[in-house]
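Chain by chain, the residues run as shown.
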Amino acid sequence: MTQVSLDGIAAGFVAPGPADFQLPDIFNGNQVLLTKASLLLVLAAIIVVVAFRASIRPAAVVPGKFQFAGEQAYSFVRDGIARDIIGERDYAKYVPLLVSMFFFVLVNNLFGLIPIIQFPTFSRAGFAYGLAALVWLIYNGVGIGRHGVSGYFKLQTMPAGVPWWILPLLIPLEFLSNILIRPVTLSLRLFANMFAGHLLLLLFATGADYLLIHATGPLVKPAGVLSFVLGVLVGFLELVVEVLQAYVFTLLTASYIAGALADTH
Amino acid sequence: MSALLLAADTATTKGSLNMIGYGLAAVGPGIGIGLIFAAYINGTARQPELQSKLQPIAILGFALAEALAIIGIALAFVLK
């Protein structure tokens, strides 16, 4: 954590930093590395499963409110993401993956704003890496399953219509971009958005606390109130970013699967 | 250049070279996102009924361009 020393205010404010994201082990000293973040991950999975199962339990032809909400949520991902991106022919097989991925990431992100929990689990990079590794295995596996290894390699690295002499330059570039860098950017996008947003919220909240209670100086109280108000506004921005990042993660997963399934020319 | 690095090393300098790096890195994504949404607004202005068909493409482009800026701010905090 960095020490901030401002003129006119006692040098006691400690700005939040990456160390604030390292949560303590729950079973202290029991050799089990279980933190609040891992529990939140499991809790999000349980919430998604229970909510969907409860919403389809009535199974009425004319749905009630909860069943309608569940059906709308499901069809948002199925029509808006799966059918539009992957296409009519193959989309049905990937709908369970995309629906669960969208709502899993969404619930985990929304944990950052829920009062007692207040920790978006994907602000710990390891979770984002794991999810991106899963997506990587899936879209490569799907592509190799449909086209075979050499056919899939040709599909990803040699786009149609390029002259032969540019291929030695293009093949390593496309390989790097399509197969090696995609999981990195996928995970880093999710992780960095959640990390930066949570860090901003921490900064405004601890800054408001410090300015209102501990600091001395002429403009400290108004600055503290301003920091608090800005923190609330950044909270609303965080809500938008969280939903958007869940949507983009699922959209990109569908797009990579569609690219792997595309017909060779 | 070496004076800049020297200034960042000594204890008398306040501020962070990481943040200067982030500020420079945010120029590209800023321009890119502006271009993407300019194209989206132009497309909607020419043919308003296409707005909902163009929206997922605009959101996807925005997220891809913003990823670089977000990676910049995250690594500016994480790397010392």
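These numbers come from a predicted model, not from an experiment.

*Asks:* Looking at this structure, I do not really get the overall build of chain B. What am I missing?
*Replies:* Counting secondary structure elements, chain B contains four helices and zero strands. Counting from the amino terminus, helix and strand elements in chain B follow one another as α-α-α-α. A separation of at least 24 residues holds for 69% of the contacts in chain B among residues at least 6 apart in sequence.

*Asks:* Which parts of the structure should I look at to understand the overall build of chain A?
*Replies:* Assigned secondary structure in chain A consists of six helices and zero strands. Secondary structure elements of chain A, listed N to C terminal, follow the sequence α-α-α-α-α-α. Taken against the 2.2 N^0.38 rule, which gives 18 Å for 265 residues, the C-alpha radius of gyration of chain A at 23 Å runs more than 25% over that of a compact globule. If you line up chain A on its principal axes, its C-alpha atoms span 70 × 60 × 40 Å. Residues counted as buried form 31% of the 265 residues belonging to chain A. For chain A, long-range pairs separated by at least 24 residues make up 63% of all intrachain contacts whose partners lie at least 6 apart in sequence.

*Asks:* In this structure, what is going on with the interface of chain A and chain B? I would like to understand it.
*Replies:* Many authors give the size of an interface as the accessible area that is lost as the parts come together. With 15 residues of chain A at the interface, the matching set in chain B holds eleven residues. The greatest single-element share of the side of chain A that touches chain B, amounting to eight residues, is contributed by helix H5 (residues 167-214) of chain A. Among the residues making up the side of chain A that touches chain B, the classes are represented as ten nonpolar, three polar and two charged.

*Asks:* Any chance you could explain unusual backbone geometry here in plain terms?
*Replies:* A negative phi angle is the norm for most residues apart from glycine, just as the trans form is the norm for most peptide bonds. All names here are of chain A. Of note, the phi angle at Ala59 is positive, near 55 degrees, even though the residue is not glycine. Backbone geometry at Gln118 places phi at a positive 50 degrees, although glycine is not the residue there. Looking at the element boundaries, Gln118 is found in the loop between helix H3 (95-110) and helix H4 (125-157). Looking at Gln118, the number of C-beta atoms within 10 Å reads 14, which means it is partly exposed.

*Asks:* Any chance you could explain the packing of helix H3 (residues 27-46) of chain B against helix H4 (residues 51-78) of chain B here in plain terms?
*Replies:* What describes two packed helices is the angle between their axes and the distance between those same axes. Residues and elements named next belong to chain B. In contact at an axis separation of 9 Å, H3 and H4 are set at 175 degrees when each is read in the N-to-C sense. Looking at the two axes, H3 sits roughly antiparallel to H4. Seen from H3, the contacting residues are Gly28, Pro29, Gly32, Ile33, Ile36, Phe37, Tyr40, Gly43 and Thr44; seen from H4, they are Gln51, Leu54, Ala58, Gly61, Phe62, Ala65, Glu66, Leu68 and Ala69. Of the residues contributing to the contact of H3 with H4, the split by class is eleven nonpolar, six polar and one charged.

*Asks:* What should I look at first to understand the confidence of the model for chain A in this one?
*Replies:* Detail in the predicted coordinates should be disregarded across regions flagged by low pLDDT. Residue and element names in this part refer to chain A. With 93% of its residues at a pLDDT of 70 or more, chain A shows a mean pLDDT of 87. Per-element confidence in chain A ranges from a low mean pLDDT of 90 for H5 to a high of 95 for H3. Below pLDDT 50 for its whole length, residues 1-10 participates in 18 contacts with residues either more than four positions away or in separate chains.

*Asks:* I would appreciate a short explanation of the environment of A:Met101 in the present structure.
*Replies:* Residue and element names in this part refer to chain A. Relative to the helices and strands, Met101 is located in helix H3. The sequence separation of Met101 and Val77 amounts to 24 residues, and the corresponding C-alpha distance is 9.9 Å. Filtering out sequence-adjacent residues up to four positions away, Met101 remains in contact with Thr250 and Thr253.

*Asks:* Just checking my understanding: could you explain the nonpolar core for this structure?
*Replies:* Across soluble globular proteins, nonpolar side chains have a tendency to be buried as a group. Ranked by internal contacts, the top residues of the largest apolar core, which has 58 residues, are A:Ala82, A:Leu98, A:Phe102 and A:Ile257. Looking at this core, the elements with two or more residues in it are helix H1 (36-56), helix H2 (65-86), H3, H4, H5 and helix H6 (220-261) of chain A together with H4 of chain B. Ranked by residue count, the leading element in this core is H6(A), at eleven residues. Among all residues touching A:Phe102, those that are not within four sequence positions of it are A:Val77, A:Ala246 and A:Thr250. In terms of nonpolar packing, the next biggest core, distinct from the first, is built from six residues, A:Ala208, A:Tyr210, A:Leu211 and A:Ala215 among them.

*Asks:* Which parts of the structure should I look at to understand the confidence of the model for chain B?
*Replies:* Residue and element names in this part refer to chain B. Of all residues in chain B, 84% have pLDDT values of 70 or greater, and the mean over the chain is 85. Taken element by element, chain B is modelled with least confidence in helix H1 (residues 2-9), mean pLDDT 58, and with most confidence in H3, mean pLDDT 96. Confidence metrics for the complex model read pTM 0.86 and ipTM 0.73.

Reading the values: the criteria
Residues numbered from 1 in each chain as written. Chains lettered and ligands numbered in written order. Predicted model: local features only at pLDDT ≥ 70, side-chain atom pairs only at ≥ 80, totals over all residues. Helix = DSSP H or I, 4+ residues; strand = E, 2+ residues; numbered from the N terminus. Contact = placed C-beta atoms within 7 Å. Rg over C-alpha atoms; globule rule 2.2 N^0.38 Å. Buried ≥ 20, exposed ≤ 12 C-beta atoms within 10 Å, placed from the backbone. Nonpolar A, V, L, I, M, F, W, Y, C, P; charged D, E, K, R; others polar. Axes fitted to C-alpha atoms, helices over the stretch in contact; angles between N-to-C directions. Parallel < 35°, antiparallel > 145°, perpendicular 65-115°, else oblique. pLDDT = per-residue confidence, 0-100. Core = buried A, V, L, I, M, F, W, Y, C linked by C-beta atoms within 7 Å.

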